[in-house]
Amino acid sequence: MPEGDTVWQATRRLHGALAGKVLTRSDLRVPRFATADLTGRTVLDVTPRGKHLLTRIEGGLTLHSHLRMDGAWKIYTPGQRWTGGPGHQIRAILGTADRTAVGYRLPVLELLRTAEEDRAVGHLGPDLLGPDWDPDRALANLLRDPARPLGEALLDQRNLAGIGNVFKCEICFLLGVTPWLPIGELPAERAALLPGLSQKLLEANRDRPVRNTTGLRGKDLFVYGRASRPCRRCRTPVRLADQGDGSRERPTYWCPVCQTGPAPAPGTRNGRRTSAPYI
Ligand SMILES: [Zn+2]
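Please read all numbers here as calculations on a predicted model, not as lab measurements. (Residues numbered from 1 in each chain as written. Predicted model: local features only at pLDDT ≥ 70, side-chain atom pairs only at ≥ 80, totals over all residues. Heavy atoms only, no water.)

**Considering the coordination of the zinc ion**
Alright, step 1. The zinc ion binds to the protein through C231 (SG), C234 (SG), C255 (SG) and C258 (SG); the donor distances cover 2.2 to 2.4 Å.
Alright, step 2. Written as a sequence motif, the donor arrangement for the zinc ion is C-x2-C-x20-C-x2-C. Here C258 lies in the segment after β10 (249-254) and C234 lies in the loop between α6 (188-205) and β9 (239-244), a separation of 24 residues in the sequence. (Donors = N, O, S within 2.8 Å, 3.2 Å for Na, K, Ca; no water. Helix = DSSP H or I, 4+ residues; strand = E, 2+ residues; numbered from the N terminus.)

Have a look at this one:
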């Protein structure tokens, strides 16, 4: 379940392995681009945009990929065993003289003209980890639909790009409101904190192997993944319910005491995960 920080880390690894080098191997295993041959071209850079990865290649081309649920880019040295999954899950191979990048289970893989990247990522709001980060615009985007539940507004990448379900739950906890609170009902002073808080959390986790929102060692998250366990602040058992628009439900955690606002009635879910897909 990649969030902006995970994509940022993947991007940095890819950039380190490929940027400035000539491709000696190119294999895109999606029907539309199966015949594309990128060998002989230099990789210019690899850049994150929200949860999207843009690999820019000499000649005005961009390889756009998205990890969605369990996709991954792995980097191997010559002779190293590939361990990212069975061969049929490989969607892309980009090789240079000394590194091979292998993209596994990529639900989105397309070759675009760099000049047309906006077609793929132009819908995204300000990027929490990007050079175009704009807290005022992010907040204005979020408040455009005041009736929308806070949790859903935070996940909508058109508002601001980079927040996934883990950070959604943690941000709502830090704001002291439930993910079901209509965002327009968030007190103004807390709404004003929202963009900065979100950016701080993602930035703090950009280089960390284990995500941490609490600042405490060994106690990495406040509520996410902690159903029925005591709240770190008030010891009340953390609750779990699905949140979504019906097409995509995500397991959502909150403390019923520390967080005020509407929430599903207790007993609507028994602490079990559903098989619904979520990003
Ligand atoms: Zn609590």
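**Describing the packing of aromatic side chains**
Alright, step 1. Summed over all chains, the structure comprises four aromatic pairs.
Alright, step 2. Plain terms: the ring middles of F173 and F222 are 4.7 Å apart, the flat faces sit at 20° to each other, and that makes the pair stacked. Of this pair, F173 sits in helix α5 (residues 165-175) while F222 sits in the loop between α6 and β9, placing them 49 residues apart in sequence.
Alright, step 3. On the basis of an interplanar angle of 70° and a centroid distance of 4.9 Å, the ring pair of W180 and W254 is categorised as edge-to-face. Separated by 74 residues along the polypeptide, W180 in the loop between α5 and α6 and W254 in strand β10 bring together distant segments of the chain. Judged on exposure class, the residue W180 and its partner W254 are both buried. (Phe/Tyr/Trp six-rings, centres within 6.5 Å; stacked < 30°, edge-to-face > 60°. Buried < 20%, exposed > 50% of the residue type's maximum accessible area, 1.4 Å probe, protein only.)

**Quick word on the nonpolar core**
Alright, step 1. Counting 26 residues, the largest nonpolar core has L150, L154, I163, I171, L175 and L194 as the members making the most contacts within it.
Alright, step 2. Of all the secondary structure elements, the ones that give two or more residues to this core are α3 (135-142), α4 (150-155), α5 and α6.
Alright, step 3. When near neighbours in sequence (up to four residues on either side) are disregarded, I163 contacts E3, K51, L128, L154, L155, Q157, K168, I171, S198 and L202.
Alright, step 4. Membership of the second largest hydrophobic core comes to 25 residues, among which are V30, V43, V46 and I57. (Core = buried A, V, L, I, M, F, W, Y, C linked by side-chain atoms within 4.5 Å. Contact = heavy atoms within 4.5 Å.)

**Remarks on the domain arrangement of the protein**
Alright, step 1. In terms of domain boundaries, the protein breaks down into domain 1 (4-121) and domain 2 (135-273).
Alright, step 2. Each partner contributes to the interface: domain 1 provides eight residues, whereas domain 2 provides 12 residues.
Alright, step 3. For the pair domain 1 and domain 2, the summed buried area comes to about 790 Å², and 46% of that belongs to carbon and sulfur atoms.
Alright, step 4. The largest contributions to the domain 1 side of the interface with domain 2 come from D5, W8 and K51, which together make up 55% of the buried area.
Alright, step 5. Put simply, D207 and R12 hold a salt bridge, and the shortest N to O gap is 3.1 Å.
Alright, step 6. Summed over the shared surface of domain 1 and domain 2, the result is seven residue pairs in polar contact (both at pLDDT 80 or more).
Alright, step 7. Split by residue class, the side of domain 1 that touches domain 2 holds one nonpolar, four polar and three charged. (Domains from an automatic or database assignment. Buried area = accessible area lost by both parts, 1.4 Å probe. Salt bridge = Lys/Arg side-chain N within 4 Å of Asp/Glu carboxyl O. Polar contact = N/O pair within 3.5 Å; in protein donor to acceptor, adjacent residues only side chain to side chain. Nonpolar A, V, L, I, M, F, W, Y, C, P; charged D, E, K, R; others polar.)

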